[in-house]
Amino acid sequence: RTAEHRIADAAEIIGRFATIDGDHHKQWCFDQALRAMMTPEQYAAWVTEQNSNTDYDPWSEGVAP
């Protein structure tokens, strides 16, 4: 998929789910938007980097609404 399609998919996910109550559901929305914008390899590398930084909480995939 093109970058434009991936960005549009991420925007659709954010538009549909970002206002759902519950931090765990919002985290799922963020995770899904990232997955839409990145290739699986980019996403895996980003999560690995995120989880290796002790200044941040470990990445959570959240809970689907």
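Residues numbered from 1 in each chain as written. Predicted model: local features only at pLDDT ≥ 70, side-chain atom pairs only at ≥ 80, totals over all residues. Heavy atoms only, no water.

A. Here's a closer look at the overall build of the protein. Of the regular secondary structure elements, the protein holds three helices and zero strands. Once the C-alpha set of the protein is aligned to its principal axes, its extents read approximately 30 × 30 × 15 Å. Out of the 65 residues belonging to the protein, those deemed buried represent 23%. Within the protein, contacts between residues at least 6 apart in sequence are counted, and of these 49% link residues at least 24 apart. Summed over its atoms, the accessible surface of the protein is roughly 4700 Å², and 55% of this surface lies on carbon and sulfur atoms. (Helix = DSSP H or I, 4+ residues; strand = E, 2+ residues; numbered from the N terminus. Buried < 20%, exposed > 50% of the residue type's maximum accessible area, 1.4 Å probe, protein only. Contact = heavy atoms within 4.5 Å. Areas by Shrake-Rupley, 256 points an atom, 1.4 Å probe, with all protein chains shown as cover.)

B. Expanded view of the side chain of D31. Among the secondary structure elements, D31 is positioned in helix α2 (residues 23-37). Relative accessible area serves as the criterion here: at 0%, D31 is assigned to the buried category. A polar contact is formed between the side chain of D31 and the side chain of R35, at a distance of 2.7 Å. Discounting chain neighbours no more than four positions away, the residues touching D31 are Y43, W59, S60 and E61. (Polar contact = N/O pair within 3.5 Å; in protein donor to acceptor, adjacent residues only side chain to side chain.)

C. Summary view of the nonpolar core. Among the nonpolar cores identified, the biggest contains seven residues, and these are A10, I13, F17, W28, C29, A33 and A36. Those elements that place two or more of their residues in this core are α1 (3-17) and α2. Here this core takes four residues from α2, the largest share from any one element. Setting aside its immediate chain neighbours within four residues, A10 contacts A33, A36 and M37. (Core = buried A, V, L, I, M, F, W, Y, C linked by side-chain atoms within 4.5 Å.)

D. View of the packing of α1 against α2. α2 packs onto α1 with a crossing angle of 170 degrees between their chain directions and a minimal axis gap of 7 Å. Taken together, the axes of α1 and α2 are roughly antiparallel relative to one another. Between α1 and α2, the contacting residues are R6, D9, A10, I13, I14 and F17 on the first element and W28, C29, Q32, A33, A36 and M37 on the second. Across the contact of α1 with α2, the residue classes break down as nine nonpolar, one polar and two charged. (Axes fitted to C-alpha atoms, helices over the stretch in contact; angles between N-to-C directions. Parallel < 35°, antiparallel > 145°, perpendicular 65-115°, else oblique. Nonpolar A, V, L, I, M, F, W, Y, C, P; charged D, E, K, R; others polar.)

Worth remembering: the numbers are spatial, not functional.
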